[in-house]
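The lines below spell out each chain.
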Amino acid sequence: MEEDKDKNEEEEIERSKVGIMKALLQRDHHIPSASSPQHNSKVIDDLMIRRFLRARNQDIEKATNLLIKYLKWRKEFVPDGSISVSDISNQLADNKLFMQGLDKTGRPVVVCYGGRHKPTNLDEFKRFVTYSLDKICSRMPIGQEKFVCIGDLEGWGYSSSDIRGYLAALSILQDCYPERLGKLIIVHVPYIFMAVWKAIYPFIDSKTKNKIIFVDDKKLRSTLLNEIDECQLPDVYGGILKLVPIQDC
């Protein structure tokens, strides 16, 4: 009973902070009020504000600044509201990102093949990351806000290494889509990847670090089945579902 009371109090405090953030954003004209004809609750709603608040450990000032930064980025980087497939054709041709199934908590499962990535145009890659995250978020089941990613590094080598690209993707995920990643399961990890990982690791925030696990090949199937029912697991990992390219989801 005491735990339930504490939880209810925490939720009430959080709702209050969400209200304060919304008022601050409306006051500074970063978002219209709910009564405005331009108001779009699907774009900036209480759930979005709550994600930014949680990403900054309930600090209203830090969360508000992060959300303002995101709104500015969105306006400049995605002026038309969405990324066109024609703008990321080279990235899609790599055939490296798929979606299929749900984990045991109802989160969408995304599969990313790191060995198929080719370091080329950084701006196009950033557009691809944004397009993909928008697509993933738009496919969230009702009541779900996070996704699970299987990062498959089979075939990864230095020709796939792209530290600038990795850091750009990390920045977009952490700063523009906070609290969207539920878990990152990295599999088929070649030894040489760890040198790149050491360069990236310091830039990963603590919340994201806690969501990342490396899985030994011998424990791959058992680990995945612990997270995902066989009927929802992609067939490439022993399940029954065919992978679907991100652009076809």
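From a predicted model like this one, the values you see are computed outputs, not experimental measurements. (Residues numbered from 1 in each chain as written. Predicted model: local features only at pLDDT ≥ 70, side-chain atom pairs only at ≥ 80, totals over all residues. Heavy atoms only, no water.)

Draft legend 1. Examining the packing of aromatic side chains more closely. What the rule picks out here adds up to eleven aromatic pairs. With centroids separated by 6.2 Å and ring planes inclined at 65°, the aromatic side chains of Trp156 and Tyr158 adopt a geometry described as edge-to-face. The structure contains a cluster of three or more aromatic residues connected by ring pairs, namely Trp156, Tyr158, Phe193, Trp197, Tyr201 and Phe214. Looking at Lys96, its charged tip hangs above the ring of Phe128, at a distance of 5.1 Å from the centre. For Arg116, the ring lying beneath its charged end belongs to Tyr113, and the centroid distance is 4.1 Å. (Phe/Tyr/Trp six-rings, centres within 6.5 Å; stacked < 30°, edge-to-face > 60°. Lys NZ or Arg CZ within 6 Å of the ring centre and 35° of its normal.)

Draft legend 2. Spotlight on the UniProt feature "domain: CRAL-TRIO" (unreviewed entry) in the protein. The positions that UniProt labels "domain: CRAL-TRIO" (unreviewed entry) are, in the present scheme, residues 85–245. Helix and strand shares over residues 85–245 are 35% and 19% respectively, and the end C-alpha atoms of the span are 13 Å apart. (UniProt positions renumbered as here; feature names shortened; annotations may be inferred. Helix = DSSP H or I, 4+ residues; strand = E, 2+ residues; numbered from the N terminus.)

Draft legend 3. Fine view of helix α6 (residues 163–176). In a regular helix each residue adds 1.5 Å, so 14 residues correspond to 20 Å; α6 covers 19 Å between its end C-alpha atoms and thus fits that length. Residues of α6 that are buried include every one of Gly165, Tyr166, Ala168, Leu170, Ile172, Leu173, Gln174, Asp175 and Cys176, and no others. Buried residues in α6 make contact with α2 (46–55), α3 (60–77), α5 (122–138), β4 (181–187), α7 (193–200) and α8 (206–209). (Expected span 1.5 Å × (residues − 1). Buried < 20%, exposed > 50% of the residue type's maximum accessible area, 1.4 Å probe, protein only. Contact = heavy atoms within 4.5 Å.)

Draft legend 4. Structural context of the nonpolar core. Of all hydrophobic cores here, the largest spans 49 residues; its most connected members are Leu67, Tyr70, Phe147 and Ile246. In terms of residue count, the dominant contributor to this core is α5 (seven residues). Setting aside residues no more than four positions away along its own chain, Ile246 makes contact with Leu92, Leu97, Phe98, Met99, Phe128, Tyr131, Ser132, Lys135 and Ile136. (Core = buried A, V, L, I, M, F, W, Y, C linked by side-chain atoms within 4.5 Å.)

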